[in-house]
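Residues per chain, in single letters:
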Amino acid sequence: MPAQQFDTPPVLIAGAGPAGLIAALVLLRNGVPVRLIEKNDFLHPGSRGCGIQPRTMELLHQLGATDLVRALYPLGSNRSYRFGTLDIVRDEPFVELKTSTVHLPYPNPLMIGQCGFEGYIRSHLAKYGCEPELGTELTTFEQDENGVTAHLSKNDGNKETVHVQYLIGTDGARGATRKGLGLSFTGNTPDTFRMLVGDVRMTCDKLDYNHWHRFGDFKSKTVMLRPMREVGVDNDGWALMIGGPEIDIDKLLDPEGSKEVIFAVIQEAVPAEIQFKELVWKGQWKPNMRMVDKFGVGRVFVAGDAAHVHSPTGGQGLNSSVQDAINLSWKLALVLKNLSPPSLLDSYSAERLPVIAEMLNITTELFKKTASGADDAWKREDRLRMLGVNYRRSPIVLEERSTGLDSESMAAYGDAVEGTTPVAGDRAPDAARLVDAEGKEYTFFDLFRVTHHSVLIFASDVNSAKSILDSLQKHSEDAIRPIVVLPQGASGGSGGALALVDRDGHAYSGYKATEGETVVVILRPDGFVGAVVNDVEGVGRYLQKVFF
Ligand SMILES: Cc1cc2nc3c(=O)[nH]c(=O)nc-3n(C[C@H](O)[C@H](O)[C@H](O)COP(=O)(O)OP(=O)(O)OC[C@H]3O[C@@H](n4cnc5c(N)ncnc54)[C@H](O)[C@@H]3O)c2cc1C
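Residues numbered from 1 in each chain as written. Predicted model: local features only at pLDDT ≥ 70, side-chain atom pairs only at ≥ 80, totals over all residues. Heavy atoms only, no water.

1. What about the packing of helix 8 (residues 317–336) against helix 9 (residues 346–371)?
Item 1. The interhelical angle for the contact between helix 8 and helix 9, taken along N-to-C directions, is 170°, at an axis separation of 10 Å. The orientation of helix 8 with respect to helix 9, classified from their angle, is roughly antiparallel. Facing Ser-320, Gln-323, Asp-324, Asn-327, Leu-328 and Lys-331 of helix 8, the residues of helix 9 in contact are Ser-347, Tyr-348, Glu-351, Arg-352, Ile-356 and Met-359.
Item 2. For the contact of helix 8 with helix 9, the residue count by class is four nonpolar, four polar and four charged. (Axes fitted to C-alpha atoms, helices over the stretch in contact; angles between N-to-C directions. Helix = DSSP H or I, 4+ residues; strand = E, 2+ residues; numbered from the N terminus. Parallel < 35°, antiparallel > 145°, perpendicular 65-115°, else oblique. Contact = heavy atoms within 4.5 Å. Nonpolar A, V, L, I, M, F, W, Y, C, P; charged D, E, K, R; others polar.)

Structure below.
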């Protein structure tokens, strides 16, 4: 089929939060123009989703947003005090800090306020001339086999009807897309817990700006302050949470209420001199744990909070939104470029549903512990780093090397244990010191990109990889890029496909390849292993699952 030219954007993205911004960037990187609309006529200034997990950092790297990864900063430790005192009763890290390795360059969660995260992604979009159209709301839509007709309402009173090939609803928990599709949103909304969330600008010599400070607990009353560099100026920005039965939340949330009532509660919790400057924003948070039963119907999809809502405990929401958006968008790009059949899009729901279901269970358990003031409520297990999130059960992955995977090893939120054999559906590990014929060094993460599949052919020499290389020639070089990975000590190939010598053996050890045996690991544009196969026929079997 001929490659498609786009006169107008074929995709409308409704909602310019993290999910919408990332979906837009993946599509634009793939040469697909988008229109990105945002109901609000302002950019939210809040720090809300600030905990960025290692897996998200890897995906941002492969998305070419390393500037954002470099801007992340450490979580610090979690200091707790009795309410109204400065006596530290506990001071412990949220996570066990791990050392980076060649296979895992980003081992630990880090932070950036959501407003900062979004700003970095918007600056990448701006390079494509794309910016969110503020004050533009998706109201309703219809679809048929040819496309989607979306009705937009502008905050200047104008209305617009737009025709697109696909609609992505990244319009958050209360958005119009999920409702318009009539998707179920199953779960529960306990009415027993509420808290105020927001950001303040203030300074206090007694609060070390490198750590989180938690006064009291949710059993009676609590004030939590978390340093957030993006919110303030010169280290005066803090994320704020206030809750507990002894706090009059209604009074604090009253839209007519003054910021001083909130400052007074902070002052009561923290007996030290505080210079209050500004209440940046405030809002209510109530537990709401729900998810859709499918991530789309026909030509309309939901991603991020539009598809699942849950407790922020564990810092999975923004991260899951980013991962939804990437999963959908690389597939949509292939379909729009006439390289893959529309049925590929069915795998979006198939892959994300089990991951999100497990994420909801994990974060709900953590929320219960936090609300009850359990001792281990703030301990963050390794799996929250999301390195074990996998699509092993996906209908579009193909594993032909490892056999007999048991059901436990198929859990969608597996524990990522370094050193195990990666199988189809797993996160693809990094490797460093891969050297080409000219002596130039590469890492895998610098070669893996959201724009193409990378076919790693582990072979003793380029000749042994020839039949596989030949079979790939009928595919667009833009969509599938082969890399021959030669063992330590081999002489580099020249001409044709990229051939890299694994100088320190990191690639062979990370992918459990054996010198002298040919194995092919096909990496998807989202940094997951699509296939592990042994020969040219296996490569063909995988490509048939994804491409025309
Ligand atoms: C206090 C707090 C702390 C959190 N901490 C973390 C954390 O540490 N780590 C983490 O991963 N997550 C965290 N989260 C969760 C995270 O903030 C959300 O999961 C994330 O914002 C979801 O992104 P999204 O793009 O799916 O939705 P949103 O950010 O909600 O964006 C949706 C956008 O769509 C717009 N919109 C709505 N309706 C329409 C319409 N009809 N047309 C056009 N636009 C529309 C909205 O105005 C909004 O801008 C936290 C949340 C809170 C509240």
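The rest of the description comes next.
2. Overview of the pairing of strand 25 (residues 480–486)
Item 1. Of all seven residues in strand 25, five are buried; the element is thus mostly enclosed.
Item 2. Viewed along the sheet, the connection from strand 24 (residues 453–458) through helix 11 (residues 466–472) into strand 25 turns out right-handed. (Buried < 20%, exposed > 50% of the residue type's maximum accessible area, 1.4 Å probe, protein only. Right-handed = clockwise from strand over helix to strand, strands pointing away.)

3. Some remarks on the sheet that holds strand 26 (residues 498–502)
Item 1. Pairing is mixed in the open sheet, where eight strands are placed in the order 21-28-27-24-25-26-22-23. Because the sheet does not close on itself, it has two edges, and the strands there are strand 21 (398–399) and strand 23 (441–442).
Item 2. In this structure, strand 21 lies alongside strand 28 (residues 529–533), joined through two bridges in parallel fashion. Within strand 28, the residue paired with Leu-398 across the bridge is Ala-531. (Pairing = 2+ DSSP bridges.)

4. Re the side chain of His-308
Item 1. When you line up the elements, His-308 lands in strand 20 (residues 308–309).
Item 2. Side chain to side chain, His-308 and Asp-324 meet in a polar contact 2.6 Å long. (Polar contact = N/O pair within 3.5 Å; in protein donor to acceptor, adjacent residues only side chain to side chain.)

5. Points about the pattern of salt bridges
Item 1. In total, this model carries 29 salt bridges according to the counting rule given.
Item 2. Linking Arg-55 and Glu-58 is a salt bridge whose minimum nitrogen-to-oxygen distance equals 2.6 Å. Here Arg-55 and its partner Glu-58 are both found in helix 2 (residues 54–62), three residues apart, which amounts to about one turn of the helix. When sorted by exposure, Arg-55 lands in the same class as Glu-58, which is buried.
Item 3. Here Arg-427 ties to Glu-58 by a salt bridge, and the two come within 2.7 Å at their closest N and O atoms. Of this pair, Arg-427 sits in the loop between strand 21 and strand 22 (434–435) while Glu-58 sits in helix 2, placing them 369 residues apart in sequence. Glu-58 matches Arg-427 in its accessibility class, with the two residues each being buried.
Item 4. It is possible to trace a salt-bridge network through shared partners that takes in Arg-35, Glu-133, Lys-154 and Glu-160. (Salt bridge = Lys/Arg side-chain N within 4 Å of Asp/Glu carboxyl O.)

6. Here's the deal with the sheet that holds strand 12 (residues 195–203)
In sheet architecture, strand pairing relies on hydrogen bonds along the backbone and comes in two forms, parallel and antiparallel.
Item 1. Reading across from one edge, 5-4-13-14-15-12-16 is the order of the seven strands in this open sheet, with mixed pairing throughout. In this open sheet, the two strands that pair with only one neighbour each are strand 5 (88–93) and strand 16 (275–285). Each neighbouring strand pair of the sheet contributes to a mean axis angle of 20°, computed without reference to strand direction.
Item 2. Against the sheet, helix 7 (residues 259–269) contacts strand 12, strand 13 (212–216), strand 14 (222–227), strand 15 (237–243) and strand 16, and its axis sits at roughly 100° relative to strand 16.

7. Points about the nonpolar core
Item 1. In terms of nonpolar packing, the biggest core is built from 108 residues, with Ile-22 and Phe-117 touching the most fellow members.
Item 2. Tallying contributions element by element places helix 8 first for this core, with 11 residues.
Item 3. Each of domain 1 (11–72 + 113–187 + 289–385) and domain 3 (398–546) contributes no fewer than three residues to this core.
Item 4. With residues up to four places along the chain from it excluded, the contact list for Phe-117 reads Pro-18, Ile-22, Ile-52, Leu-60, Leu-68, Ile-112, Leu-318 and Val-322. (Core = buried A, V, L, I, M, F, W, Y, C linked by side-chain atoms within 4.5 Å. Domains from an automatic or database assignment.)

8. Quick look at the site of the ligand
Item 1. Contacts to the ligand come from 29 residues, most closely from Glu-38, Gln-114, Asp-305, Leu-318 and Asn-319.
Item 2. Gln-114 is positioned with one of its side-chain polar atoms (N or O) 2.7 Å from an oxygen atom of the ligand.
Item 3. Coverage of the ligand by the protein amounts to 87% of the 1,000 Å² it exposes when considered alone.
Item 4. Of the residues contributing to the shell around the ligand, the split by class is eight nonpolar, 15 polar and six charged. (Near = heavy atom within 4 Å. Areas by Shrake-Rupley, 256 points an atom, 1.4 Å probe, with all protein chains shown as cover.)

9. Here's the deal with helix 8
Item 1. Under the 1.5 Å per step criterion, the end-to-end length of helix 8 is 28 Å for 20 residues, consistent within 8% with the ideal 28 Å.
Item 2. In terms of burial, helix 8 is a largely internal element, 20 of the 20 residues being buried.
Item 3. Asn-338, located one to two residues past helix 8, shows a positive phi value of around 60°. (Expected span 1.5 Å × (residues − 1).)

10. A look at the UniProt feature "domain: FAD-binding" (unreviewed entry) in the chain
Item 1. Taken from the UniProt record, the annotation "domain: FAD-binding" (unreviewed entry) applies to residues 10–360.
Item 2. Secondary structure across residues 10–360 comprises 28% helix and 29% strand; the distance between its end C-alpha atoms is 32 Å. (UniProt positions renumbered as here; feature names shortened; annotations may be inferred.)

11. Looking at the pairing of strand 7 (residues 136–144)
When a strand is regular, its side chains alternate between the sheet's two faces.
Item 1. Where strand 7 lies against strand 8 (residues 147–154), eight bridges are found, and the strand directions are antiparallel. Bridge pairing in strand 8 links Thr-136 to Lys-154.
Item 2. Here strand 7 folds back onto strand 8, and the loop between the two strands holds two residues.

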